[in-house]
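# Geometric and topological summary
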Amino acid sequence: MSAAPVLALRGVSKRFGAVQALTDVDLEIHPGEVVALVGDNGAGKSTLVKTIAGVHPIDEGVIEWEGRQVTIDRPHDAQELGVATVYQDLALCDNLDVVANLFLGRELRRASVIDEVAMEKRARELLDTLSIRIPSVRIPIASLSGGQRQVVAIARALIGEPKVVILDEPTAALGVEQTAQVLDLVERLRERGLGVILISHNMADVKAVADRVAVLRLGRNNGVFPVKDTSHEDIIAAITGATDNAVTRRQARTAEAQQ
Amino acid sequence: MSDTVKNPAPAVAESAAPIPAVDPRLLVREEGLKGYLTEFQRKVRGGELGSIPVILGLIAIGVIFQSLDGSFLSADSLSNISIYVAGQGIMAVGIVFVLLLGEIDLSVGSVAGVGAAVWAVLSVSHGMSDGLAVLIAIAAGAAIGALHGFFFAKIGVPAFVVTLAGFLGWSGLQIWLMGGEGSINTPGGSLVEQLTNYYFEDIAAAYGLAIAATAAYLGSMLLDGRRRRAAGLLGRPVSEIALRTGLVGVLALVAAYELNQSRGLPLALVIFLAVLVLADFVVRRTTYGRQIFAVGGNAEAARRAGINVDKVRITVFVIAGTLAVVGGLFIASLSGGATKSLGAGNTLMNVIAAAVIGGTSLFGGRGKIWSALLGMLVIQSIQQGLNLLNMASEIQYMIIGAVLLAAVVIDSVSRRTQKSAGRT
């Protein structure tokens, strides 16, 4: 892990009216690192991600990009810096083919005409380097499976050559095989030296690919753990805020029952 | 570090082996004509009918009417059809743009009427120069379209309602503009009169256009194929290029021959074809066209991709309004002048029906500009055939209605087949 974080949030706060959504949150993302962002519903994960993506500007605190302070007021600012966000609902156009979706909004042009050949070539190269396998880059998105769509959505985030990629629940609603494909892809992003923020409710996925787990609870930091020396229970405890919670009680009950 | 948690299942180990270049599940297309035919067969079975139903329909129409009345396929009859399709066909091109967006424009008939009235009042009643009056009429169409687009995109009124209001409002304006006069005749030799009455009588014109169009079609396919191969991508096989060029070439030359047998190449057809080629280019090859498809497919995705959705929506309605007026001028030329009822009646239905019969989806994001030509040919041939048989207009309405229903049924059924075959 390199020393300087590519993106650092220091003391970030965000209010919506009377609701204090984020209080004094710190988060660091290093190049080539997957940081899982976990927390219960309403813990502030989505709000935090949206402040980075420029959807909600922060009220207090500092965002540092490669060591210098920046302001992110609009989604455009985040894209300019090199933050790409893959939202849960993917935002693909079903009627367009894979190439058109990958380049939507930034088509390659040749004398002001869309350069289909160059786009198709680059799309194939990109999908090949990510070892993404889809039947053809010229079929409409509608004929792809859920996992393939997720993979295309992530690949699309990479077209702009970002440095940080935010994945919002990329494995929700995916089958076993497809989840594995997406997790493989997350690892390949790390190998390419990108910083990845992974929002997930699935602890198995988090343990499988994340380097560190940042836990949010009630809009505050509740610990950052290196994945390899942290147990499942420790993370759960941090998420729920206590060692005595529904999960541990259930485990104790089942353990007793077995005895 | 992730080795400890990575699932060491055999499936993962296998995927580390060299990955085949092509997904084994993908039906790889064979090179050559055989590959083209099997691909075609698979598409038809999967419900991607494309233009096949329309072309079969046109052939059926030709056979039926020719057997009922021997003059249907005569040169003069075909020449007439080629003139009659131009006006409403140009309006249908505008409708295809709106349908690609997933919206509808119910006002094009009235807008055509307003355009013709503006031109006639300015040019004939006020003695303004012909060209200037035409330009002002077209600009009025663009302004009307912009107004529709503004209410739809910025205020959020459904396009259906905005253009329905326009349908009533603009036909009121048209009648008001015409004032006391029931109709204003087009002066002989004026620009608008020439639109549907000028013919390039030199037989070289029709043949030249046919040959040039075929050559341009062939050239663009060869050029594209060379670039694709240079980039290491699969291009169209030579046999497919030959087949396509042959079909287009034969059709173009037969059409040119028939037109030359009659009065020569009509100016109206040339303008209509030019509008089609230009619109097709905009829709398929420019960023703007791609944006129209994106907004029609998933407006929210388009917005997040940085596309200015409102701008796309407004400009599409501007295009529809502009082309409606251009079409209206053709209709005025054909009927000998602007009237209080120009563009009323079944004009609107014909135009929308043409786009849908030609294969453009009513649900947005799917369709081709050329469907305006194909659909208009179907409608106009039926009308021409029924006229030759002296069929009453009420029967014509019923038959056109049935054809429209059949087209939408084919669209819906093929969409269902496509869904079950995993395609859109």
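One can find the structure itself at the top, above this paragraph.
Remember, predicted model here, so these are calculated numbers, not experimental data. Chains are numbered independently. Their residues run from 1 in the order of the written sequence. A letter from A marks each chain and a number from 1 marks each ligand, given out in the order of writing. Totals for whole chains, interfaces and linings use all residues, but because this is a predicted model, local features are given only for residues with pLDDT of at least 70 and pairs of side-chain atoms are given and counted only at 80 or more.

## Quick notes on the interface of chain B and chain A
- By the criterion used throughout, residues are in contact when their C-beta atoms, derived from the backbone, lie within 7 Å. Between chain B and chain A, the contact holds 33 residues from the first and 30 residues from the second.
- Only DSSP runs of H or I with at least four residues qualify as helices, and only runs of E with at least two residues qualify as strands; both kinds are numbered from the N terminus onward. When residues of the side of chain B that touches chain A are traced back to their parent elements, those giving at least two are helix H9 (203-230), helix H12 (287-297) and helix H13 (299-304) of chain B.
- Take the side of chain B that touches chain A: its biggest share by element is 5 residues, from H12(B).
- Residues of the side of chain B that touches chain A, tallied by class, amount to 12 nonpolar, 10 polar and 11 charged. Note on residue categories: nonpolar means Ala, Val, Leu, Ile, Met, Phe, Trp, Tyr, Cys or Pro, charged means Asp, Glu, Lys or Arg, and polar means any other residue, Gly included.

## Structural notes on the sheet that holds strand S4 (residues 60-65) of chain A
Residues and elements named next belong to chain A.
- The strand order S2-S1-S4-S5 describes an open sheet built from 4 strands, whose pairing is antiparallel. The two strands at the open ends of the sheet, each matched to only one other strand, are strand S2 (19-29) and strand S5 (68-70). On average, each strand axis in the sheet is inclined to that of its neighbour by 30°, with strand direction left out of account.
- When DSSP locates at least two bridges between a pair of strands, those strands are taken to pair. Here strand S1 (residues 7-16) pairs with S4 via 5 bridges, running antiparallel. Directly across from Ala8, in S4, lies its bridge partner Glu64.
- In this fold helix H1 (residues 45-53) packs onto S1 and S2, with an angle of close to 65° to the strand it touches most, S2. Between N-to-C directions, angles cover 0 to 180 degrees, with each direction set by a line fitted to C-alpha atoms, over the stretch in contact for helices.

## A look at the environment of B:Val63
- Checked against the element boundaries, B:Val63 lands in helix H3 (residues 52-68).
- Note: C-alpha distance between B:Val63 and B:Val108 (45 residues apart in sequence) is 33 Å.

## Notes on the nonpolar core
- In this structure, A:Leu198, B:Ile95, B:Trp119 and B:Leu329 are the most contacted members of the largest nonpolar core, which totals 178 residues.
- The residues touching B:Leu329, leaving out its near neighbours within four places in the chain, are B:Gly115, B:Ala116, B:Trp119, B:Val134, B:Ala137, B:Val192 and B:Leu195. Think of a nonpolar core as buried Ala, Val, Leu, Ile, Met, Phe, Trp, Tyr and Cys residues, each tied to the set through C-beta atoms within 7 Å. We call a residue exposed when 12 or fewer other C-beta atoms sit within 10 Å of its C-beta, buried when the count reaches 20 or more, and partly exposed for counts in between; the C-beta positions come from the backbone.

## Brief notes about the sheet that holds strand S6 (residues 83-86) of chain A
All names here are of chain A.
- Pairing is mixed across the open sheet formed by 6 strands, whose spatial order is S6-S9-S10-S3-S11-S12. The outermost strands of the open sheet, each flanked by one partner alone, are S6 and strand S12 (220-226). Averaged over all pairs of adjacent strands, the angle between strand axes in this sheet comes to 20°, irrespective of strand direction.
- Two strands pair when backbone bridges link them, and strand S3 (residues 33-38) and strand S10 (residues 195-199) are joined in this way by 5 bridges, in the parallel orientation. Directly across from Val34, in S10, lies its bridge partner Val196.
- Sheet strands in contact with H1 are S3, S6, strand S9 (164-168), S10 and strand S11 (212-217), and its direction is about 145° off that of S9.

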